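# A closer look at the structure
Here are the chains, one letter per residue:
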Amino acid sequence: MKLTKKLSAILSNNMYAELAKRNLKRQSVRTVLAAIGIIIGVIAISSMGILGNSLKLSVTESFADIGDKLIVSPALGEDYITDKQVDQIRKVSNIESIIPVSTSGEVIEYREGGTTYQSYVSVYDIEKEDLEKLVELEDGRFFKPGSTDCVVGYSVADNMELTLGQKIEIDDTKLRVVGILKERGMGFDISTDSGVFTSSEMYNKLYPDEDEGYDEVIVIVKDLDEIDAVSDEIEERINKKDELVTVFATNMITDSLDDVFRSISLFLMGIGSISLLVAGVSILNVMLMSTMERTKEIGIMKAVGASRKDILKMFLLEALFLGVLASTAGAILTIGGSYLVMELLVKNTSYLFTISSMLYVAEGFFFGIATSLVGGMYPAWKASRMKPLDALRYE
Amino acid sequence: MQQEKSSPDTARKKRIALSANSGKKAQKANHSTHPIVQLQNVKRIYTLGENKIYALNGVSFAIKKGDFVTIMGSSGSGKSTLLNMIGCLDLPSSGKVKVNNVDLSKLDDDGLTAIRRNNIGFIFQQFNLIPTLTALENVEIPMIFNGESPARRRKKALAMLKNADLPLEYANHKPNEMSGGQQQRVAIARALANNPPILLADEPTGNLDTKTGHNIMELLKELNAAGTTVIVVTHDPKLEEYAHTTIRIQDGEIIE
């Protein structure tokens, strides 16, 4: 608050600032052209950054289960996770819940009038209480234990045009659809969208010879920071002698996704920064021209007592003004333009107003200012080194 | 060839005006132990290809504090070079220039800047005002470099303009909206902004008609009477009548 007050006082009272303003106005067309260069550069850098960031956000969002989950699955050569192994997992500390999962691939059928719909799905046996931790209902309710009810994933319902109360067939066994799940996207734990979930009793009736163990165990940890420790402890306990299970931490994927998209963002911004480089050269050109034009004025200033530092300050301030103005315009245009593009094309602007996207705008903003300062540095230095007499005589 | 002109006894006119209305605190004109400007065997040599051109060829003289000096000479005589030496705009090839008893050859760029800023006021034939600034702002410029506060320098600049007899309504005019005489008055006000003891004028009436030129010279005379040492470079013999002392220069050497 105090600082902004002081700053505005400097700007309103400072003749250097006033001079810079007037000198920029003096050649307004040239100033505007140079500013456009910076504006384009800022837009290029920040919108490329936003593009990369949005890409990353949309991909990470489609991996719904990234985060606090460990997937324990049988190691190569093993068929199941046994009850004994599940008990061993239970002894590990910092675990929120353990969800054993049995699953089978299956083709299900649904007859409506004369047509038969077929779909390849994964049939799951997950306790109702556990299932509630993993998925959300779009419509209807969860199945009751022991019933012939089932809950289907979003894609299954969508593909087969299923509605509540209709019956699907698995190997001539009829299951009643009582619930449809919300779309969740890709997952490492279960394929929710193409899943059919039913009670244990029903599952065992469908697959009587699969009661030796589970296909995977989902472990949810209490604290994300503990996920590596939990993963290590599970492996230690179970894989004492032989490699019996593999533990997969879903957050691993976030790390590598971050890496990939950081590279993509950098690459895109690198392309954007080329335009800023061009802008920098044009600032250099503009400032150089105006030092030439104002050689005589510089001579006068020196004759009446301006030091090298004074002259340097004057020209750098001019470059700074240009940079701040153009970068601000660039930042505003970027936000406005991105909003428009996202609204019109994707109809979703949520990726724009995230901290990470705004950071890219800030980055573009500061690069814009830095570019004009760097571009203005040589002309300012040159002006400050002019010999007063030579400058005074310049026509 | 050396000549020394130490006293203004031969000056045609010696008038000490009691300018109570000048507003400027009169500086003690005499009783100083050392001359305010002193040149010792100053040479300024330009090299053009293989030819050496002696713009100044061994010039020596001293100017007393409070003097009004005209340096007369035809164009190319080296008189402007001489003025630029005193004004720290140019440095001698050899010899010594002392301003206020400070040897300029011992100063770096910042030191020379300080002399220009605080000891010297410059008036040019072309007025040399900054075109983007108003009369008032032009006068403020030297004070900015001197670190004066905005309020103080504004007040002082107005007083300076008044002192230079510029009608107040012109204070907010840009140079191209003023006559030559008015511009030169602004330039004089600017030259005096930091209260320098020395005022240097390079053909101050060169771009003015006779009457305006006379008015400007009268103004300089007033300022001199108030204590400022005035040095005017000109080829116009008419200006001689305003001075106490005249130095004549020809081909880089003093002839009288």
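About the thresholds
- All chains use their own residue numbering, which begins from 1 and follows the written sequence.
- Here chains are named by letter from A upward and ligands by number from 1 upward, in the order in which they appear as written.
- Selection of residues for local features in this predicted model requires a pLDDT of at least 70, selection of side-chain atom pairs for listing and counting requires 80 or more, and totals for whole chains, interfaces and linings are taken over all residues.
- Remark: hydrogens and water are excluded; side-chain values derive from all non-hydrogen atoms of the structure.
- Here a strand is any run of E in DSSP of at least two residues, a helix any run of H or I of at least four, and the numbering for each starts at the N terminus.
- Whether a residue is buried, partly exposed or exposed follows from its accessible area with a 1.4 Å probe, protein chains only, as a fraction of its type maximum: under 20%, in between, or over 50%, in that order.
- What makes two residues a contact is simply this: any of their non-hydrogen atoms within 4.5 Å.
- Per-residue and other accessible areas were derived by the Shrake-Rupley procedure at a 1.4 Å probe size, with only the shown protein chains allowed to occlude residues.
- A helix is expected to reach a length of 1.5 Å times the quantity of its residues less one.
- Residues enter patches when they are more than 30% accessible in relative terms and free of salt bridges; like-charged ones are connected within 9 Å and nonpolar ones (Val, Leu, Ile, Met, Phe, Trp, Tyr) within 5 Å.
- Throughout this description, the term salt bridge denotes a Lys or Arg side-chain nitrogen within 4 Å of a carboxyl oxygen of Asp or Glu.
- The convention is simple: Lys and Arg are positive, Asp and Glu are negative, and His and the chain ends are not counted.
- Charge positions are represented by NZ for Lys, CZ for Arg, CG for Asp and CD for Glu.
- Axis geometry follows a simple rule: fit a line to the C-alpha atoms, using only the stretch in contact for helices, then measure angles between N-to-C directions, giving values from 0 to 180 degrees.
- In these notes the angle categories are as follows: under 35 degrees is roughly parallel, over 145 is roughly antiparallel, 65 to 115 is roughly perpendicular, and the rest is oblique.
- Left-handed is the label given to a crossing in which the near helix is rotated counterclockwise from the far helix by less than a right angle, and right-handed is the label when the rotation is clockwise.
- UniProt positions are given in the numbering used here, feature names are shortened, and annotations may be inferred rather than shown by experiment.
- Residues belong to one nonpolar core when they are buried, are Ala, Val, Leu, Ile, Met, Phe, Trp, Tyr or Cys, and are joined through side-chain atoms within 4.5 Å.
- Two strands pair under a simple rule: DSSP has to find at least two bridges between them.
- Defined here as a combined quantity, buried area equals the accessible surface (1.4 Å probe) lost by two parts on assembly, summed across both.
- Between N or O atoms, a polar contact is any pair within 3.5 Å; within protein, one atom must be a potential hydrogen donor and the other a potential acceptor, and residues adjacent in sequence are included only when both atoms are from side chains.

This part covers the overall build of chain A. Scanning chain A from N- to C-terminus turns up 13 helices and 10 strands. Taking all 395 residues of chain A together, 47% fall into the buried category. Restricting to contacts in chain A with at least 6 residues of sequence separation, those with at least 24 account for 80%. Roughly 20,000 Å² of accessible area belongs to chain A as shown, and the carbon and sulfur atoms make up 58% of that amount.

Counting its secondary structure elements, chain B contains 6 helices and 10 strands. Buried positions account for 56% of the 256 residues belonging to chain B. Long-range contacts, defined as pairs at least 24 residues apart, comprise 76% of the intrachain contacts of chain B with a sequence gap of at least 6. Accessible area for chain B stands at about 11,400 Å²; split by element, carbon and sulfur atoms hold 47% of it.

Bringing helix α2 (residues 15-26) of chain A into the picture now. Residues and elements named next belong to chain A. Counted at 1.5 Å a residue, the expected span for α2 with its 12 residues is 16 Å, and the 16 Å between its end C-alpha atoms agrees. Here α2 lies mainly inside the structure; 9 of its 12 residues are buried. Burial in α2 covers these residues: Met 15, Tyr 16, Ala 17, Glu 18, Leu 19, Ala 20, Arg 22, Asn 23 and Leu 24.

The grouping of Glu 78, Asp 79, Asp 209, Glu 212, Asp 242 and Glu 243 of chain A at the surface amounts to a negative patch. Along the chain, Asp 242 of chain A falls in the loop between α8 (227-238) and β10 (245-249).

Turning to the packing of helix α3 (residues 135-145) of chain B against helix α5 (residues 180-191) of chain B, a few remarks are in order. Angle between the axes and distance between the axes: these two values describe a pair of packed helices. Residues and elements named next belong to chain B. Between α3 and α5, the shortest axis-to-axis distance is 8 Å and the interhelical angle comes to 25°. Taken together, the axes of α3 and α5 lie roughly parallel to each other. The way α3 lies across α5 gives a crossing that is right-handed. Listed contacts from α5 to Ala 135, Asn 138, Val 139 and Pro 142 of α3 are Val 186, Ala 189 and Arg 190.

Residue and element names in this part refer to chain A. UniProt feature "transmembrane region" (unreviewed entry): in the numbering of this structure it lies at residues 31-52, 266-290, 311-339 and 351-378. Between the end C-alpha atoms of residues 266-290 there is a gap of 35 Å, over a span that is 100% helix and 0% strand. End-to-end, the C-alpha atoms of residues 351-378 are 40 Å apart, and along that stretch the chain is 86% helix and 0% strand.

This part takes up the nonpolar core. Grouped together as the largest cluster of nonpolar side chains are 80 residues, with contacts concentrated most on Met 301 of chain A together with Leu 39, Phe 61, Phe 145 and Ile 231 of chain B. Residue contributions to this core peak at 9 residues, all from helix α11 (residues 308-346) of chain A. Every residue in contact with Ile 231 of chain B, bar those within four places of it in the chain, is listed here: Val 37, Ile 63, Val 69, Ile 71, Leu 83, Ile 86, Ile 198, Leu 199, Leu 200 and Ala 201 of chain B.

Before going further, it helps to spend a moment on the pairing of strand β6 (residues 120-123) of chain B. Residue and element names in this part refer to chain B. Going residue by residue along β6, you find Ile 120 and Phe 122 tucked away on one face and Gly 121 and Ile 123 tucked away on the opposite face as well. The pairing of β6 with strand β7 (residues 198-202) spans 4 bridges and is classified as parallel. Note on β7: the bridge partner recorded for Phe 122 is Leu 200.

Residues and elements named next belong to chain A. A contiguous patch of positive charge on the surface is contributed by Lys 84, Lys 91, Lys 240 and Lys 241. Secondary-structure assignment places Lys 241 in the loop between α8 and β10. You can call Lys 241 exposed: its relative accessible area is 78%.

Moving on, we come to the sheet that holds strand β3 (residues 68-72) of chain B. The pairing of strands in a sheet comes from backbone hydrogen bonds and takes either a parallel or an antiparallel form. All names here are of chain B. If you trace the 6 strands from one edge of the open sheet to the other, you get β6-β7-β8-β3-β9-β10, paired in mixed fashion. Strand pairing shows two members of the sheet lacking a second neighbour, β6 and β10 (253-254), which therefore form its edges. Running at roughly 170° to β6, α5 makes contact with β6 and β7 of the sheet. In this fold helix α6 (residues 210-225) packs onto β3, β6, β7 and β8 (229-234), with an angle of close to 150° to the strand it touches most, β8.

What follows covers the interface of chain B and chain A. Listed by partner, the interface residues are 27 residues for chain B and 24 residues for chain A. Across the chain B to chain A interface the summed buried area is about 2,300 Å²; carbon plus sulfur atoms make up 65%. When the buried area of chain B at its contact with chain A is split by residue, Leu 89, Thr 132 and Phe 145 of chain B rank highest and sum to 25% of it. At the boundary of chain B and chain A, one finds 2 salt bridges. For Arg 308 of chain A, the salt bridge is made with Asp 109 of chain B, and the minimal N-O distance between the two is 3.2 Å. On the surface where chain B and chain A come into contact, there are 5 residue pairs in polar contact (both at pLDDT 80 or more).

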